[in-house]
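Okay, here's what each chain looks like letter by letter:
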Amino acid sequence: EPLRESPPRRTIEDVTSDCHNDTWYNKDLLDNATMYIAHIGYMLNASHTNWLFPDLPGFVDIFVFNKTRCIYSCFDLELLNETVLGGGLVLCNPTAPSTTPAMLSGDTGGWSGSTDGVIRAGAAQQRPPRWLILASVAAAWAATAAAAEAAAQKS
């Protein structure tokens, strides 16, 4: 009787057979360093690529896929596909934009989108910088202290 059953292992061929969303790499993966190391490290490990020991041959820096030539940070998916995955990466096709205007796509209750009630539109309230709040509090405290001292001197 087996004590434990484990799922079948995923190989690099299993990973490359799934389609990959390039937006996820450029937006979500680059914004989360822990997820970046885990995901790219997994791909490098699965393809038997050395990314941990720079003194050994075949070393690939895990951060080489982060392009700095972009206006914003962007992921070099082509480099990952060529150097690590052997050109086997499949990109997902982008979803087609909706052809129905939003005002014509309400639900049975008449609401557009996936809300359950009224949507309040408008700009988010801007908060002043923390230093300005602290400076205002300090100025008010100084004015109160000066007024209290002036009152004490009059009496």
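Look up: the structure comes first, before these words.
All figures in this text were calculated on a predicted structure; none of them were measured in a lab.

K.L.:
An account of the overall build of the protein is needed here, citing residue identities and associated values.
P.N.:
From N to C terminus, the protein includes five helices and four strands. Taken from the N to the C terminus, the helices and strands of the protein come in the order α-β-α-α-β-β-α-β-α. Partitioning the contacts of the protein with sequence separation of at least 6, the portion at a separation of at least 24 is 44%. Carbon and sulfur atoms make up 57% of the accessible area of the protein, which amounts to about 12,600 Å² in all.

K.L.:
Outline the side chain of Thr49, supporting the account with residue identities and numerical values.
P.N.:
Tracing the sequence through the fold places Thr49 in the loop between α3 (33–46) and β2 (66–67). For Thr49, a relative accessible area of 15% corresponds to the buried category. In this structure the side chain of Thr49 is engaged in a polar contact, spanning 2.9 Å, whose partner is the side chain of Ser47. Excluding anything up to four places from it in sequence, Thr49 contacts Leu44, Gly58, Val60 and Val84.

K.L.:
Describe helix α2 (residues 22–31), naming the residues involved and giving the relevant values.
P.N.:
The complete set of buried residues in α2 reads Tyr25, Leu29 and Leu30. Taken around the axis of α2, the buried residues stretch over an arc of 90°, which confines them to a single face. Residues of α2 that are exposed and point more than 90 degrees away from the buried face comprise Lys27 and Asp31. If you follow the buried residues of α2, they end up packed against β1 (19–20), α3, β2, β3 (74–75) and α4 (77–84). Between the side-chain oxygen of the N-cap and the backbone nitrogen of Thr23 there are 3.0 Å, and the N-cap of α2 in question is Asn21.

K.L.:
How would you sum up the packing of aromatic side chains? Please name residues and give values.
P.N.:
Under the counting rule described, the total for this entry stands at five aromatic pairs. Geometrically, the ring pair formed by Tyr25 and Phe75 is tilted, given 5.0 Å between the ring centres and 35° between the ring planes. With Tyr25 in helix α2 and Phe75 in strand β3, the pair connects residues that are 50 residues apart, well separated along the chain. Taken as a pair, Tyr25 and Phe75 share a single burial class, namely buried. An aromatic cluster of three or more residues is present, and its members are Trp24, Tyr25, Tyr36, Phe63, Phe65 and Phe75.

K.L.:
Any chance you could break down the state of the cysteines for me, citing the residues and the numbers?
P.N.:
As enumerated under the stated definition, the model contains one disulfide in all. A sulfur-sulfur distance of 2.0 Å marks the disulfide that ties Cys19 to Cys92. Between Cys19 and Cys92, the disulfide has an S-S torsion of 85° and is therefore right-handed. Of the two residues, Cys19 sits in strand β1 while Cys92 sits in the loop between β4 (90–91) and α5 (130–154), which places them 73 residues apart along the sequence.

Calculation notes
- Residues numbered from 1 in each chain as written.
- Predicted model: local features only at pLDDT ≥ 70, side-chain atom pairs only at ≥ 80, totals over all residues.
- Heavy atoms only, no water.
- Helix = DSSP H or I, 4+ residues; strand = E, 2+ residues; numbered from the N terminus.
- Contact = heavy atoms within 4.5 Å.
- Areas by Shrake-Rupley, 256 points an atom, 1.4 Å probe, with all protein chains shown as cover.
- Buried < 20%, exposed > 50% of the residue type's maximum accessible area, 1.4 Å probe, protein only.
- Polar contact = N/O pair within 3.5 Å; in protein donor to acceptor, adjacent residues only side chain to side chain.
- Arc of directions from axis to C-beta.
- Phe/Tyr/Trp six-rings, centres within 6.5 Å; stacked < 30°, edge-to-face > 60°.
- Disulfide = S-S within 2.5 Å.

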